[in-house]
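# Observations on chain architecture
Take a look at the letters that make up each chain.
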Amino acid sequence: MSNGTDALPDDTRARWADLVDAVNRARVEYYQADAPTISDIEYDDLYRELQALEQQWPQLVSGESPTQTVGGQRAEMFDAVEHLQRMYSLDNAFSDDELRAWLDRVEKGLGQVPELLCELKIDGLAVDAVYVDGRLRTLATRGDGRVGEDVTYNAVFIASVPQLLVSASGAAVPRLLEVRGEVFLPVADFERINVEQLDAGLPAFANPRNAAAGGLRQRVDRRETELAAARSTAKQGGRSDAKIARMEAELGRALSRLNALQLTVHGIGAVDGVAITRQSEGYQVLADLGLPVSARAKVHSTAEGALEFIAYYGEHRHDVEHEIDGVVIKVDRLDLQDQLGQTSRAPRWAIAFKYPPEVVRTRLLDVQVNVGRTGRVTPFAVMQPVRVAGSTVSMATLHNAFEVERKGVLIGDMVFLRKAGDVIPEVLGPVADARDGSERPFVMPTHCPDCGTGLRPEKEGDKDIRCPNTRACPAQLRERLFHVASRGALDIEGLGFKAAVALLDCGLVRDEGDVFLLADSDLLACPFFTREPGKDESGPQLSENAKGMLANLDAARRQPLWRVLVALSIRHVGPTAAQGLARRFATIDAVSAATVDELAATDGVGPIIAEAVVDWFSVDWHRDIVEKWRRGGVRMADDVVEVGPQPLAAITVVITGSLDGFTRDSAAAAVTDLGGKVASSVSKKTQLVVAGENAGSKLDKALSLGVPVVGLDGFTALLATGLDAALTHTLEG
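Description of the structure in this document. (Residues numbered from 1 in each chain as written. Predicted model: local features only at pLDDT ≥ 70, side-chain atom pairs only at ≥ 80, totals over all residues. Heavy atoms only, no water.)

Turning to the pattern of salt bridges, a few remarks are in order. Under the counting rule described, the total for this entry stands at 36 salt bridges. Close ionic contact of Asp 589 with Arg 630 constitutes a salt bridge, the shortest N to O distance being 2.9 Å. You can see Asp 589 sitting in helix α19 (residues 588-593) and its partner Arg 630 sitting in helix α22 (residues 620-631), a full 41 residues away along the chain. Each of Glu 403, Arg 406, Lys 407 and Glu 426 takes part in a single network of salt bridges with overlapping partners. (Salt bridge = Lys/Arg side-chain N within 4 Å of Asp/Glu carboxyl O. Helix = DSSP H or I, 4+ residues; strand = E, 2+ residues; numbered from the N terminus.)

What follows is the structure in structure tokens.
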């Protein structure tokens, strides 16, 4: 590190100036325009480089540097609101080591190990709400931390922002209460609003935070005034109906976004009339007053507890109803917070642990098409490789040609890419401001790239186009072979994509029916499955991978009927429908002979899937595949077992969180074995929710709907005795 007296190199000063400009420009785009042109990870990298440069050369630091200021400024279109107490940003940690280093500094500063309050870092817009004698006086954005934007008018449209505080316990309402929180869009509403944006010819939002900020920072009052004036003028013949319709549509979209917003409170500023000693205690007070606080915040007494909280939500971040980009760790005791104090931009008693980003920016190099196992032709994006959500991504789905056009992406665009958990990466939309004119539109092919057959929609009005050469198209056959071996179907390890290609290239199979007729001698004729002979061997020998594949093919012959049905690539038939069919009909011959009505009456099937099953078995070469598998020894019927007592028949259960002694699958199986149904989401029709440790948003939904909730004891009673016994263990909300 420089001691501050060394001569500052010219290139270092120039780099510092470039970084300051880049960070400030990104802040304006993010906080004021709600339209960033760089991703969060790119911003974090720039900011950290700036920090490192200023640590090495302290003489660069000034009061105007982004490292010394809170991001964001008040836009002139809004009235100013001065916060009663300053709002700060948070310093970030990106690894366990960085978090432990912060904890070491905290412990050293306090001379003790403090209790830590852990809460989710919501991807939303920071706001400040002030209540005087229990009535909302102002709602403002954070702005620069001292002065924010007055968005009080819009608060009336947000159901979770109380206009009047009332204590549920009967305690006195504080004379003055300033709270800080996050306005956000639930994931489901974010997806809906992005569809509305694209349908209206507008760009999609890169992330829920931008959508939430754009929703809250709207002058709805001005739109309403302008619309009223336009309607008045129209009566006098001075305004077109089309323009009024456009203004009405714009106002409707604005109100739709506002109505979808939610607030979670996570901090307290100025207060008069209530004594609070701990942040966690403050949350209880706020909840009693009707303010929305997170039910997921937890106090831990050790660093290991905080790290476990971080790790859990790193794995379960998509079980939450809103997007999170990390976890905030705070010293819980307020007197210890005061002792630690703050820097010019961030408190020393809190830090944000950031998860790997799920929205990044990269270059769209090309758009190509893939032909799937059912003939559907799907465009996909070929991109400059980029790391997102913990893995490197170079391809992403674009669904169909209409979706490419609707999103407005061009080949050569810089695009925002999103990958949520295990979901297939998806291009959200272009960074239009980054275009240089070299971009070009994608043109959907008219013929199959693998077999040359003319492409067409299956029926009039379909957005998807398909290759009708179902039996002979190499791409479709390759994908079907690969599907047969997938984990959701017959789970044949060794029969991967490369092995499927080799079987086709060597002419060992004409269709998937031939897979179970393969012998050692067949594979020996294909170099992919052989190895060089050893000293005492003559001629090629089967490789270990080939031997393993044959052994796994033998095991696949004994798989249950539902897996066979999935492996046949019948349109729409996944594990749920296949299990329902196998339970009801028990044999593949009974399934193939059933009528549409009989199939549709099966639990989990319905008329669309039923018609697809009948259509599939009506094709000669499809039936030939079944017969080849039968000759190859594949089981075509399940053993009929005596059904035991079904005490949970007609009872729907939702299971959330972790239960001691059960995996998620074994807990579900325990319910279904007794005749019950396990649903994936909570509704008013749900009879019971079983909530284990770290239960997610399903628990919140159950409590809001009044659905009974039990823990492990209640679940054990449910399995042993039934629903009535379980309800004696109901948990309080």
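Taking strand neighbours across the sheet as the criterion, the four strands line up as β5-β4-β7-β8 in an open arrangement whose pairing is antiparallel. On the outer flanks of this sheet lie β5 (135-141) and β8 (262-272), each paired with one strand and no other. Direction aside, neighbouring strands of the sheet carry axes that sit 25 degrees apart on average. Judged from the six bridges that link them, strand β4 (residues 125-132) and β5 form a sheet pairing that is antiparallel. Opposite Val 130, over in β5, you have Thr 138 as the bridge partner. Contacts from helix α6 (residues 208-216) reach β4, β5 and β7 (176-184), with the element oriented near 40 degrees to β4. (Pairing = 2+ DSSP bridges. Axes fitted to C-alpha atoms, helices over the stretch in contact; angles between N-to-C directions. Contact = heavy atoms within 4.5 Å.)

Here we come to the state of the cysteines. In this structure the tally under the stated criterion is one disulfide. Here Cys 506 engages in a disulfide with Cys 526; their sulfurs sit 2.2 Å apart. Sign of the S-S torsion, about 60 degrees for the bond between Cys 506 and Cys 526, identifies this disulfide as right-handed. With Cys 506 in the loop between α14 (497-505) and α15 (520-524) and Cys 526 in the loop between α15 and β18 (530-531), the pair connects residues that are 20 residues apart, well separated along the chain. The partly exposed category is assigned to Cys 506, whose relative accessible area is 33%. (Disulfide = S-S within 2.5 Å. Buried < 20%, exposed > 50% of the residue type's maximum accessible area, 1.4 Å probe, protein only.)

We now examine the side chain of Gln 559. Mapped onto the secondary structure, Gln 559 falls in the loop between α16 (544-556) and α17 (561-567). With relative accessibility at 17%, the residue Gln 559 sits in the buried group. A distance of 3.1 Å separates a polar side-chain atom of Gln 559 from the backbone oxygen of Leu 490. Excluding residues that lie within four positions of it along the chain, Gln 559 makes contacts with Leu 490, Asp 491, Val 564 and Arg 635. (Polar contact = N/O pair within 3.5 Å; in protein donor to acceptor, adjacent residues only side chain to side chain.)

Here the focus is the packing of helix α3 (residues 96-110) against helix α10 (residues 303-315). Running from N to C, α3 and α10 cross one another at 145 degrees; their axes reach a closest spacing of 11 Å. Considering only the axes of α3 and α10, their crossing is right-handed. Contact residues: Asp 96, Leu 99, Arg 100 and Leu 103 in α3; Ala 303, Glu 304, Leu 307 and Ile 310 in α10. (Left-handed = near helix turned anticlockwise from the far one by under 90°.)

Our next topic: helix α8 (residues 241-260). If you check α8, its first and last C-alpha atoms are 28 Å apart, about what 20 residues at 1.5 Å a residue would give, namely 28 Å. Turning to α8, its buried residues number three or more, namely Ile 244, Met 247, Leu 251, Ala 254, Ser 256, Arg 257, Leu 258 and Ala 260. On its buried face, α8 sits against α4 (152-155), β7, α5 (187-199), α6, α7 (220-235) and β8. (Expected span 1.5 Å × (residues − 1).)

Moving on to the packing of aromatic side chains. Across all of its chains, the model carries nine aromatic pairs by this definition. Their ring planes at 70 degrees and their centres at 6.2 Å tell us that Phe 353 and Tyr 355 sit as a pair that is edge-to-face. We classify Tyr 355 as buried; its relative accessible area is 9%. Judged by centre distance (5.5 Å) and plane angle (80 degrees), the rings of Phe 516 and Trp 629 are edge-to-face. In this pair, Phe 516 sits in the loop between α14 and α15 while Trp 629 sits in helix α22, placing the two residues 113 residues apart along the sequence. As far as the burial class goes, Phe 516 and Trp 629 line up, both buried. (Phe/Tyr/Trp six-rings, centres within 6.5 Å; stacked < 30°, edge-to-face > 60°.)

What follows is about the sheet that holds strand β3 (residues 116-122). Taken together, five strands build an open sheet; the order of strands is β2-β11-β10-β3-β9 and the sheet is mixed. Edge positions in the sheet fall to β2 (92-93) and β9 (298-300), since each has one partner strand and no second. Looking at chain direction, β2 and strand β11 (residues 350-354) are connected through two bridges and run parallel. The residue bridging Asn 92 from the neighbouring strand is Ala 352, located in β11.

Even without glycine at this site, Ser 569 takes up a positive phi of about 60 degrees. Its location among the elements puts Ser 569 in the loop between α17 and α18 (575-585). Under the relative-accessibility criterion, Ser 569 is labelled buried at 7%. The phi dihedral of His 572 falls on the positive side, at around 75 degrees, and the residue is not glycine.

Worth remembering: the numbers are spatial, not functional.
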